[in-house]
Amino acid sequence: MKLELFLGILLLILVSGCVYPQIEAGNPTEYELPGLNNTTVFYPADSSVQVVENVVNKTSVDFIINGNADTNFRNPVAVDYSGKNVSFNASMGPVLGKNYIQMNFSSPFSGWVAYTQAGGGDFIYPITKNGTIRVVLPLNYTATSKFLGLIQPPPDNITQDASGREVIIWEKPDPEFGQITVKYQLKDAPTLLFYFFFLLSVFFICVMGYYLWNINELKKKRILMEKDIRK
């Protein structure tokens, strides 16, 4: 408790006197709510990642956003345990070289907050908390392929949800790992890759066959020409 109070006072000192631009709230229907208790759930997509995080009895929630806060903290929402949309004030500004986001509630709030950040390609998340982390991959995608997939650190469980999506779970991952990395791709990617290399091999054989045939024809013409010269 004393540590939280000290950090709160330190943060207040760091941001005092600064006026940060307000962040407009999003639409809760854009997210998969409710989430899970003591869990942060990530939903990576083609160009963005939706984040749903559990909050228990807090009047404010702080986030440190890597990169540009305008693209990494969009459309925030807050929904309590009864499913009611809760109003809040959200502001952003620089703190210790990073972008700081704070969501403030008029009274202690318990429920889920969600926001959208930039994404696309591999999923990378710096481990800053000791709670459960879930990564729900898009439908028909996998990170367990022996050829193209990668999951670091090793998860505690990999399962599927009711929609058939692959869900990767870490139960309180150790911050010493630094970050979570998930390389994922279409489940059909290995098959498509096989067909690609097969067609490439066929094309290569055809080109080499045509090349050798031309060489053989040139040799025949040379032999005929040499015979004509000798005559």
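Residues numbered from 1 in each chain as written. Predicted model: local features only at pLDDT ≥ 70, side-chain atom pairs only at ≥ 80, totals over all residues. Heavy atoms only, no water.

Visitor: Where do I start with the sheet that holds strand E6 (residues 123–126) in this structure?
Guide: In sheet architecture, strand pairing relies on hydrogen bonds along the backbone and comes in two forms, parallel and antiparallel. Overall, antiparallel pairing links the three strands, which are arranged E6-E12-E9 in an open sheet. Pairing within the sheet leaves two strands with one partner each, and these edge strands are E6 and strand E9 (150–152). Strand-to-strand twist across the sheet, computed as the mean angle between neighbouring axes with direction ignored, equals 10°. (Pairing = 2+ DSSP bridges. Helix = DSSP H or I, 4+ residues; strand = E, 2+ residues; numbered from the N terminus. Axes fitted to C-alpha atoms, helices over the stretch in contact; angles between N-to-C directions.)

Visitor: So what exactly am I meant to see when it comes to unusual backbone geometry here?
Guide: In terms of backbone geometry, most residues other than glycine have negative phi values and most peptide bonds are trans. Cis rather than trans, the peptide bond between Leu-33 and Pro-34 has omega equal to 0°. With respect to the helices, strands and loops of the structure, Pro-34 is situated in the loop between helix H1 (2–15) and strand E1 (39–44). With phi around 55°, Asn-38 is a residue other than glycine that occupies positive phi space. Backbone geometry at Lys-172 places phi at a positive 55°, although glycine is not the residue there.

Visitor: It is not clear to me how the confidence of the model for the chain should be interpreted in this structure. Could you clarify?
Guide: Note that predicted coordinates carrying low pLDDT should not be read in detail. The predicted model of the chain has a mean per-residue pLDDT of 79, with 72% of residues at 70 or higher. Put simply, H1 is where the chain has its lowest mean pLDDT, 46, and strand E11 (residues 166–170) is where it has its highest, 95. Considering only residues more than four positions removed or in separate chains, one finds that residues 9–20, a stretch of pLDDT under 50, has 13 contacts. (pLDDT = per-residue confidence, 0-100. Contact = heavy atoms within 4.5 Å.)

Visitor: Just checking my understanding: could you explain a nonpolar patch on the surface for this structure?
Guide: A cluster of nonpolar side chains, namely Phe-204, Ile-205 and Met-208, defines an oily patch on the protein surface of about 310 Å² accessible area. Topologically, Ile-205 is positioned in helix H3 (residues 189–230). (Patch = residues over 30% accessible without salt bridge, like charges linked within 9 Å, V, L, I, M, F, W, Y side chains within 5 Å. Areas by Shrake-Rupley, 256 points an atom, 1.4 Å probe, with all protein chains shown as cover. Salt bridge = Lys/Arg side-chain N within 4 Å of Asp/Glu carboxyl O.)

Visitor: Explanation requested: the pattern of salt bridges in the structure shown.
Guide: Between side chains of opposite charge, a pair can form when the charged atoms approach closely. All chains considered together, the criterion is met by three salt bridges. Note that Arg-165 and Glu-32 form a salt bridge whose closest N and O atoms lie 2.7 Å from each other. Of this pair, Arg-165 sits in the loop between strand E10 (157–160) and E11 while Glu-32 is found in the loop between H1 and E1, placing the two residues 133 residues apart along the sequence. For Arg-165, a relative accessible area of 16% gives the class buried. Of the charged contacts in the structure, one is a salt bridge between Asp-122 and Lys-183, with a shortest N-O distance of 2.8 Å. Placement of Asp-122 in the loop between strand E5 (98–118) and E6 and of Lys-183 in strand E12 (residues 179–183) is noted, with a sequence separation of 61 residues between them. (Buried < 20%, exposed > 50% of the residue type's maximum accessible area, 1.4 Å probe, protein only.)

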